[in-house]
Amino acid sequence: MGAISKARSQAADAGKFVADWMEHRAGVITIMEHFLYEPVPKRGAWIYTLGSATLFLITLQFLTGILLLFYYVPTTDHAWNSIYYIMNEAYFGTLIRGIHYWSANFLLAVIGLHMAQVFFSGGYKAPRELNWIVGVVLLLLVVIIAFTGYALRWDQDGLWATVVGMKIGSYSPFVGAYTIQFLMGGDTIGPATLSRFFAIHVWLLPAALAPFIGIHLYLLRRHGVFGDEMEYRERMAKLQERQRLEEYEEYEDDGEPYVGRRDRADRD
Amino acid sequence: MAELQKDPMTRGDFLGFGVLGTIVGALLTIPPAAFILGPVIDVNVRGESDVPDDWFRAGHVSEVPPDEPKAFVVAFPLNQVYSERQVIEEGVDTQEQTLRNAIWTSWKDLKPPGFIAELGQNRTPGISREQVIEAQGALNVLSSSCAHLGCPVRWLVKEDGGEFLCPCHGGIYDINGAYVGGPPPRGMYRYTYEVREDGYIYVKHEFDVGGDKGSQKPFVI
Amino acid sequence: MYAPATGKQQPVEQEVITEENVFERPDETVAFFPKQVLYDLFISTLLLLAICALSYVSPAPLTEPADTATITYVPRPEWFFFFYEQMLMFFPGYALISFGAVVVPTVFVVLLFAVPWLDRGPRASSTRRPFATVIGLLVVVVVLLNMMMAVSRIINFPGQ
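Predicted, not measured: the structure shown is a model, and the values here were computed from it.

Focus: the interface of chain C and chain A
Interface size is commonly expressed as the accessible surface area that is lost when the partners come together.
Reasoning step 1: Across the contact, 86 residues belong to chain C and 90 residues belong to chain A.
Reasoning step 2: Buried area between chain C and chain A, summed over both chains or domains, comes out near 8300 Å², and the portion from carbon and sulfur atoms is 68%.
Reasoning step 3: At the boundary of chain C with chain A, the tally comes to four salt bridges.
Reasoning step 4: Residue K125 of chain A pairs with D119 of chain C through a salt bridge whose shortest N-O separation is 3.1 Å.
Reasoning step 5: Along the contact surface separating chain C from chain A lie 39 residue pairs in polar contact (both at pLDDT 80 or more).
Reasoning step 6: If you list the elements that add at least two residues to the side of chain C that touches chain A, you get β1 (29–31), α1 (32–57), α2 (82–89), α3 (93–118) and α4 (130–155) of chain C.
Reasoning step 7: Of all the elements, α1 of chain C adds the most residues to the side of chain C that touches chain A, at 16 residues.

Focus on the domain arrangement of chain B
Reasoning step 1: According to the domain assignment, chain B consists of domain 1 (9–48) and domain 2 (56–145 + 189–213).
Reasoning step 2: Just the C-alpha atoms count here: the centres of domain 1 of chain B and domain 2 of chain B sit 46 Å apart.

Some points on the interface of chain B and chain A
Reasoning step 1: Facing the 33 residues of chain B at the interface are 27 residues of chain A.
Reasoning step 2: Summed over both partners, the interface of chain B with chain A buries about 2400 Å², with 63% contributed by carbon and sulfur atoms.
Reasoning step 3: When the buried area of chain B at its contact with chain A is split by residue, Q80, L149 and V220 of chain B rank highest and sum to 26% of it.
Reasoning step 4: Linking chain B with chain A are zero salt bridges.
Reasoning step 5: In this structure, the connection of chain B to chain A is made through eleven residue pairs in polar contact (both at pLDDT 80 or more).
Reasoning step 6: Elements with a contribution of two residues or more to the side of chain B that touches chain A: α1 (11–44) and β3 (97–107) of chain B.
Reasoning step 7: For the side of chain B that touches chain A, the element with the most residues is α1 of chain B, which contributes seven residues.

A look at helix α5 (residues 93–121) of chain A
Residue and element names in this part refer to chain A.
Reasoning step 1: Taking 1.5 Å of rise per residue, the 29 residues of α5 would be expected to cover 42 Å, and the 41 Å separating its terminal C-alpha atoms lies within 8% of that figure.
Reasoning step 2: Summarising burial for α5: 21 of the 29 residues are buried, a large majority.
Reasoning step 3: Looking one or two places after α5, you find G122, whose phi comes out positive at around 70°.

What counts, and at which threshold
- Residues numbered from 1 in each chain as written.
- Chains lettered and ligands numbered in written order.
- Predicted model: local features only at pLDDT ≥ 70, side-chain atom pairs only at ≥ 80, totals over all residues.
- Heavy atoms only, no water.
- Contact = heavy atoms within 4.5 Å.
- Buried area = accessible area lost by both parts, 1.4 Å probe.
- Salt bridge = Lys/Arg side-chain N within 4 Å of Asp/Glu carboxyl O.
- Polar contact = N/O pair within 3.5 Å; in protein donor to acceptor, adjacent residues only side chain to side chain.
- Helix = DSSP H or I, 4+ residues; strand = E, 2+ residues; numbered from the N terminus.
- Domains from an automatic or database assignment.
- Expected span 1.5 Å × (residues − 1).
- Buried < 20%, exposed > 50% of the residue type's maximum accessible area, 1.4 Å probe, protein only.

Here is the structure:
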């Protein structure tokens with residue numbers, strides 16, 4: 001036995017030992033297999049990349065957001081300067097902030113496409129209603145995160161978008177004034193506004209977003225992905241044939257009550 | 001996995017859940033709610049504002065030209081969070097924050113009182129009591145924040161005079177700030193102001209909504 | 001871990017296909033790993049490359065420091081708020097502003113939540129439920145039209 005093949009078998013043994021050890025204590029292999037070997041529809045695989053692209057872009061948001069926090073300062077005196085530092089002085093600052101900015105833009109576009117795809121393929125139909133609802137919640141969270149993130153730059157664009165947003169909010173029936181005072185942290189825009197938008201953008205809504213993403217994925221796995229009717233045409237053909245046969249059978253022995261066609265009666 | 005074991009809930013268990021749940025629930029909801037709703041309580045219950053209810057100097061009446069409006073910038077002190085007066089007095093190395101407002105001033109229908117032309121650029125002597133009343137009645141002191149969605153309104157010079165134009169959604173106002181066209185629900189907001197004998201215009205950070213409604217605090221800025 | 005959804009426990013051959021369970025298992029399947037993961041990775045890589053390139057070609061903007069006292073700055077929303085901003089143009093005056101700015105979007109969001117109950121038929125394909133499809137297309141067209149109108153308004157604004 002050569003030295004190389006001996007080392008290889010030793011490494012394989014060590015790997016197997018670690019895998020067994022982890023499997024015994026944490027069930028890691030079972031979980032991995034459960035995640036990785038789930039059967040998914042063969043047709044329409046490319047459609048599903050819309051969802052995973054959304055997940056990927058949100059992950060980029062979390063990653064670069066955490067990185068930006070190493071330099072960003074959420075005060076009216078320093079916010080603009082700290083971003084100026086990130087853009088001009090920090091190593092790869094342009095790239096890190098660029099990824100945060102551009103993936104946010106792509107994210108909203110991809111979410112729109114993802115949503116349109118689910119709508120037009122009827123992916124929200126029973127038993128997947130709940131996942132549609134969770135998806136709409138995710139959409140709202142992402143839009144509000146995008147809006148609050150805009151203010152953090154404390155530049156003209158961010159400030160005036162916030163002013164207009166607050167003014168729009170002030171027109172809400174009954175609760176308008178209270179809502180915007182809560183968001184601005186007072187009766188005018190100022191340092192409190194930046195602090196609050198920072199808290200909402202960085203902690204509150206991402207913390208809410210993460211579990212909803214988890215629920216979205218769990219429900220997806222529970223009911224399976226649904227991209228298009230095309231993936232089910234053989235099963236639908238079988239169903240239609242059975243229904244035709246049953247109809248024929250009923251026609252043959254007229255008068256006999258037939259119990260096996262409830263699902264058809266439901267539809268009509 | 002082991003079988004599930006479902007024990008019945010006794011009266012004592014139920015009471016325990018009720019009492020402990022109430023204690024934990026109350027402690028974890030009421031103080032946090034008050035903590036983050038503080039500013040709303042300050043404004044609506046205690047009637048406080050982040051900008052002090054004082055007069056601040058905008059500019060001299062002679063600076064308002066006879067043929068077009070003039071924008072003055074007033075920096076109101078802003079007592080908000082770490083810029084509150086007490087924090088600035090007792091805190092470390094603190095800088096007072098200000099809320100800068102651009103204030104459009106113009107003569108009503110572009111008809112300045114006669115003494116303005118005589119005054120020229122000379123601001124030292126001040127003006128008489130009669131002139132104060134005359135100037136007070138002839139001035140428009142308008143908020144540059146559009147009455148629609150708060151965008152900064154600009155003066156647009158046209159052949160037949162000019163108009164205030166909001167760049168966001170195209171709200172249009174005339175020289176007196178009255179509504180002319182576009183989506184705004186009303187004319188430009190007018191500051192509470194007074195002209196004093198030193199010849200300067202003083203404003204409060206509040207809008208004079210006129211008639212029996214008195215004044216209201218500006219939205220947003 | 002996961003409680004299996006109804007019908008999944010039965011082997012394929014014994015399963016009676018009904019209108020309820022027809023969409024529970026596709027005709028042909030493939031393991032999530034490696035094929036699907038590879039496709040996902042492909043798209044993600046493309047996106048990441050595009051994002052990194054754009055970060056340098058068109059860096060994330062940082063305009064002048066905030067100034068509430070400007071009279072020359074022109075506020076413009078981000079592109080994904082264009083359609084909403086344009087919609088505000090159509091609701092002037094006190095009563096309509098709050099209607100257009102708050103009430104209409106709220107109703108829209110509520111309807112969005114209610115979509116699975118507004119369209120309950122068993123048909124999934126968009127060609128077999130024309131009503132839902134037409135409504136959906138109308139929404140898309142209205143959003144795109146509003147966006148285009150906002151863009152043309154912004155381009156044509158004097159002094160930009």
